[in-house]
Amino acid sequence: MSANVTLILVAAALIGCGVYLVLERSLTRVLIGVVLIGNGANVCFLVAGGRAGGAPLVGETPEGQMSDPLPQALVLTAIVISLATIAFLLAMAHRSWQLNGHDDVQDDVEDAAIRRRAATEDADDEFSGHRDSDVEVFEEEGAS
Amino acid sequence: MFACILALFATAAVAPALVRRVGTKAFALLAMVPAVAFGWALTHVGTIRSGGRVTERIDWIPHLGLHLDFSLGALQWLLVLIVVGIGALVLAYCASYFDDAPEVPGFAGVFVAFVAAMLGLVVADNLLLLYIFWELTTVFSYLLIGTQAAKATSRTAAMQAIIVTTLGGLAMLVGMLMVGVSAGTYRISELVAHPPLPSAGLTVAVAFLLLGALTKSAQVPFHFWLPGAMAAPTPVSAYLHAASMVKAGVYLVALLAPAFAATPGWRPALLVLGLATMLVGGWRALRQYDIKLLLAYGTVSQLGFLMLILGIGTRAAAVAGLALLLAHALFKAALFLVVGIIDHATGTRDLRRLSGLRRTAPAVGIAALLGALSMAGVIPLLGFVAKEAAFQALIDIAHTGDGTALAGGLGWAVLAGVVAGSVLTAAYTIRFVWGAFADKRGVGDTPLLHAPGPAFVAAPLVLAGTGLVLAFAGGLLTEVFDPYAAQFPLGAHEPALVLWHGWSLPLALSAVALLGGAAMFWRRVAVARVQSLLKVTSAEQIYRHVMRGLDRVAVEVTSLTQRGSLAAYLAITMIVVLAVPGSALVRAVAGHGQPRLWDSPAQALVGAIVILAALMATRSRRRMRAVILVGAVGYGCALLFVLHGAPDLALTQILVETVSIVVFVLVLRRLPEYFTDRPLSRRRYWRILLGTLVGLAVAGFMLVTTGARHEVPVSAAWPGVAVSYGGGGNIVNVALVDIRAWDTIGEIAVLVAAATGVASLIFIQTRLSDFRRSRTSLIRPRSPSSRVCRGGGCGCPGRGPWRPTGARSSSRWSPAWCSTRSSSTRSTCSSPGTTILGVGSPPAW
């Protein structure tokens, strides 16, 4: 099957820009990156669908000239899901700004704590410090 | 059998409520259930004596070939009697042992459940079923050891026991699967009747099986968990860690010895480790001052002996091993129960403080003496009969090999080792009896807090008395054990358990063991000096080193892989995309098909606009501009859909894009106009590189995959079907409704979940508004220079008094936020550009 270079370029550009943006710290930019990647993926579906054609409506378009309806059915779902993603990420950005005054994605505090622990060579104490269960707190028998 | 197991589990379920209601007396009621099971097992004695088996099969999932198979042969029958018989006695003993402490009801439930699991373990006739019960006993044992969860030692001991036994259990599961696959059946009776042919794979599988048995039965080097497990209440020590659970490994070895004793590695491993365990356990028992720990190390030692005798795989050794198994269960459970009574009555288990108990608690002393004599192997007790038989079996092996290739030096060495172990056994037995009951110089009589009642002493007396009675029933025992032993080839002698062999070598060895033990006890000060000179690293220290090392590695690995930065994770994901499928792409890139530039020039035009908008959105530092450019990209895509012949997509895209832009604008007008400004770092170029590479990779994938395709799309046949079956002309809609109905439901679920999330994030402010205000006023701004604020979009609209510093507001957006948010703050919005607050300065009204 022959590939459509224009659509491929569009998809590649959208996904490339999206990747650049999702690696940012600002949640709004991450969100924009996610939207771009989503659009790029949708365009990829068009590429996979083959040649452009008429709308896949029986009666409107002769059967041979229709565009492939299968990828369209998939993309339709993707578009709606991306709306949900946008709404949720935006709410998070908004909340983050409310709490912290910015919408930067923070590094995980717990992970940072583990890194510090690794740096200080301080293993969990669970297996150190206890005595041998073979209780030898008693003295030598000796005198008896 | 299945009914017994179910009845016990059901009893376990009601036990906590019963104990809570009736008090500890309820233990006597609970003991009835295993007692009935004991009676049921006794009724089968005729079948067992005649060499028959009782089998049961419950269909579980018949069409997958999964059945619950149970089988009762001579070996299983003996174990069942031990498990339910001693279980009933120990439960009855619990009625006197426990007070009405809060953990007792839960303990009762777990204990009865353990009896059920243990019964299942010994009657299961399927390797996988056996494994399930095996791990159930591990879990219940863990819970029972940790009964006093408030104590750190209890928790550590429970953890140690479960880690060690589960390690072996998992290895055993691997071994079981390998054996099952190579034999074509998981049914144990079939497996033993027709063992798989020897092979390297089978040797490995058997080694894994043995690892399970060795850890469960506390063999060197895994023996340390058993003394640790003495943190459990004494009934648990008596039952799990002397009579039943620690026998599970021995049972597995005995069960499989007829099939696998000749497998390479089986005998060397069991003989060496069994003997080492016997000696290490005995040696360490000699330096204990806590009589419970003394018995625990004694158990380790005896388990080594059992492992050795039952693993060696001759007919005489098999009979001796079963006798020893029975004798050990009887005397060790009795002795532990005695320790429980002493602990309960005097409040101490330290043998240097106990004195005069032989006079103050004579009944307990008799039970202990009977048990101890059996343990040391003194005539006329079952322990003596069993040990004589074991010596005889080992002598036969040393003389003739008895089919084991151990004739000569090796055989004699094993015998010498066992005699040495018996010397230690005799020595620590004397130490135990002397330590617990004798009068000691300079120590007054240990006061009894309360004298043990007859019900309390009954259980150990019954157990120890049985050891005495059965010593005279050697003929019956031989007959009952014979069907099991008959699985091994006939050896030099037909084995027989008799009380009096005549003046023979075994008797001499017994005498050596007893005299040696007495001598060691007599010279105990010298022995103690030698003990203190031989300080070696204990296995438990090694275990702790290993666990600490594991913990260390976990911290290192976590700190390496969990950087806590979203960007880092995403970058790693992208790099993997490039490295793995990307490298495959490079090889596949030799062109398939002939790409075309575009479907129509309009497509190229729209495509160029989309790309341009995307690049500008990426470069933009203003939020609004970026969002509007993204909107342009979205509408551009909608146009591409139209040009491609996908009107449904275009329609949806335009709707979604419009809604998104509205939402974006509503939210972003509250956020700062500019993205957080940070100095351009070198990382940015890495991001550009990564984005470019991923884009290129995507382009490559699309070129290659599209070019590689040559089949007609499945949707080619859809137009006709859409009308005739789906009843619609719009094929995409029909596909969504008729083919992807479940996906559409899922999609709606996602929308609902996202809406819930959004709502909870937005409306949280009303509930936590006080908290939020104080937080924001404290935190913001972090450093005024880090943010360039131009225009009113920056900062904190609507919360007049907490307006950020450095906000030189313009009036562009301010009317909106003044009007929307002022109600919650009672304040009017300060007019743009008037006040600049310092950090922590008071509200500006």
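Everything numeric in this text was worked out from a predicted model, so none of it was measured. (Residues numbered from 1 in each chain as written. Chains lettered and ligands numbered in written order. Predicted model: local features only at pLDDT ≥ 70, side-chain atom pairs only at ≥ 80, totals over all residues.)

Turning to the overall build of chain A, a few remarks are in order. Broken down by element type, chain A carries four helices and zero strands. Counting from the amino terminus, chain A carries its helices and strands in the arrangement α-α-α-α. Across the 144 residues in chain A, those meeting the buried criterion constitute 55%. (Helix = DSSP H or I, 4+ residues; strand = E, 2+ residues; numbered from the N terminus. Buried ≥ 20, exposed ≤ 12 C-beta atoms within 10 Å, placed from the backbone.)

Helix and strand counts for chain B stand at 34 helices and two strands. The 845 residues of chain B split such that 48% are buried.

Residue and element names in this part refer to chain B. The terminal C-alpha atoms of helix α17 (residues 362-376), which comprises 15 residues, lie 20 Å apart, in line with the 21 Å expected from a rise of 1.5 Å per residue. Among the residues of α17, those classed as buried are V364, A367, A368, L370, G371, A372, L373, S374, M375 and A376. Taken together, the buried residues of α17 touch α15 (315-346), α18 (382-400), α19 (409-437), α20 (454-470) and α22 (505-522). Where α17 terminates, the next one or two residues include G377, which has phi positive at roughly 85°. (Expected span 1.5 Å × (residues − 1). Contact = placed C-beta atoms within 7 Å.)

Counting from both sides, the interface comprises 101 residues of chain A and, opposite them, 125 residues of chain B. Looking at the side of chain A that touches chain B, the elements with two or more residues in it are α1 (5-22), α2 (27-48), α3 (69-100) and α4 (109-119) of chain A. At 24 residues, α3(A) tops the list of elements feeding residues into the side of chain A that touches chain B. Within the side of chain A that touches chain B, the residues separate by chemical class into 58 nonpolar, 25 polar and 18 charged. (Nonpolar A, V, L, I, M, F, W, Y, C, P; charged D, E, K, R; others polar.)

Attention now moves to helix α30 (residues 718-726) of chain B. For α30(B), every residue scored as buried is listed here: W718(B), P719(B) and A722(B). Relative to the axis of α30(B), the buried residues are bounded by an arc of 105° and lie together on one face. Facing away from the buried surface of α30(B) by more than 90 degrees, the exposed residues are G720(B), S724(B) and Y725(B). On its buried side, α30(B) packs onto α3 of chain A together with α31 (731-739) of chain B. (Arc of directions from axis to C-beta.)

Residue and element names in this part refer to chain B. One can find G249 in helix α12 (residues 247-260). Assessed through the 27 C-beta atoms surrounding it within 10 Å, G249 is described here as buried. For the pair G249 and A613, spaced 364 residues apart in sequence, the C-alpha to C-alpha distance is 71 Å. Look past the residues within four positions of G249 in its chain and what remains in contact with it is A213, L214, K216 and S217.

Turning to unusual backbone geometry, a few remarks are in order. Residues and elements named next belong to chain B. Of note, the amide linkage connecting V220 to P221 takes the cis form, showing an omega dihedral of 5°. In this fold, P221 is placed in the loop between α9 (200-216) and α10 (225-228). Across the junction of I379 and P380, the peptide omega takes the value 0°, indicating a cis bond. If you trace the backbone, P380 turns up in the loop between α17 and α18. In this structure, A218 is a non-glycine residue whose phi angle is positive, near 55°. Even without a glycine there, the phi angle at A405 is positive, about 60°. Structurally, A405 can be placed in the loop between α18 and α19. Note on A405: 12 C-beta atoms within 10 Å, which makes it exposed.

What follows concerns the environment of A231(B). Residues and elements named next belong to chain B. Topologically, A231 is positioned in the loop between α10 and α11 (234-243). In this structure A231 comes out as buried when scored by C-beta crowding, with 24 C-beta atoms within 10 Å. Remark: the alpha-carbon pair of A231 and A205, spanning 26 residues in sequence, is separated by 34 Å.

Bringing the packing of α3(A) against helix α28 (residues 647-668) of chain B into the picture now. Each pair of packed helices gets described by two things: the angle between the helix axes and the distance between those axes. One way to put it is that α3(A) packs onto α28(B) with a least axis distance of 10 Å and a crossing angle of 5°. Regarding the angle of α3(A) to α28(B), the classification is roughly parallel. On the side of α3(A), the interface is formed by Q72(A), V75(A), L76(A), I79(A), V80(A), L83(A), I86(A), A87(A), L90(A) and H94(A), while α28(B) contributes D648(B), L649(B), T652(B), Q653(B), V656(B), V659(B), S660(B), V663(B), F664(B) and V667(B). A class-by-class count of the residues in the contact of α3(A) with α28(B) yields 14 nonpolar, five polar and one charged. (Axes fitted to C-alpha atoms, helices over the stretch in contact; angles between N-to-C directions. Parallel < 35°, antiparallel > 145°, perpendicular 65-115°, else oblique.)

Viewed as axis vectors pointing N to C, α1(A) and helix α26 (residues 601-619) of chain B meet at an angle of 10°, and their least axial separation amounts to 9 Å. One way to sum up the angle between α1(A) and α26(B) is to call them roughly parallel. From α1(A), T6(A), L7(A), L9(A), V10(A), A13(A), L14(A), C17(A), Y20(A) and L21(A) reach across to α26(B), where they touch Q603(B), A604(B), G607(B), V610(B), I611(B), A614(B), L615(B) and T618(B).

All names here are of chain B. Of all hydrophobic cores here, the largest spans 224 residues; its most connected members are L119, A320, A323 and A333. Ranked by residues supplied to this core, first place goes to α15 with 24 residues. Setting aside residues up to four positions removed in sequence, A320 forms contacts with I309, A386, A389, A390, A393 and P495. Membership of the second largest hydrophobic core comes to 85 residues, among which are C637, V667, A697 and L703. (Core = buried A, V, L, I, M, F, W, Y, C linked by C-beta atoms within 7 Å.)

For the rest of this paragraph, the subject is the environment of L79(B). All names here are of chain B. Tracing the sequence through the fold places L79 in helix α4 (residues 74-97). According to the C-beta neighbour criterion, L79 is buried, with 28 such atoms within 10 Å. For the pair L79 and S244, spaced 165 residues apart in sequence, the C-alpha to C-alpha distance is 8.1 Å.

For strand β1 (residues 54-61) of chain B, the buried fraction is low: zero of the eight residues fall into the buried class. Connecting β1(B) to the antiparallel partner strand β2 (residues 66-72) of chain B that follows it, the hairpin turn spans four residues, and G65(B) within it adopts a positive phi of roughly 75°. (Pairing = 2+ DSSP bridges.)

This paragraph deals with the confidence of the model for chain A. Overall, the prediction assigns chain A a mean pLDDT of 81, with 83% of residues at 70 or greater. No element of chain A has a lower mean pLDDT than α4(A), which averages 79, and none a higher one than α1(A), which averages 94. (pLDDT = per-residue confidence, 0-100.)

As defined by bridge partners, β1(B) adjoins β2(B) across seven bridges and the pair is classed as antiparallel. What sits directly across from I61(B), in β2(B), is L66(B).

Detailed reading of the predicted coordinates is not advisable wherever pLDDT falls low. Residues and elements named next belong to chain B. Across chain B, the average pLDDT comes to 86, with 89% of residues at or above 70. This model gives residues 772-845 a pLDDT under 50, and the stretch forms 109 contacts once residues within four places in sequence are excluded. Listed scores for the predicted complex are pTM 0.72 and ipTM 0.83.

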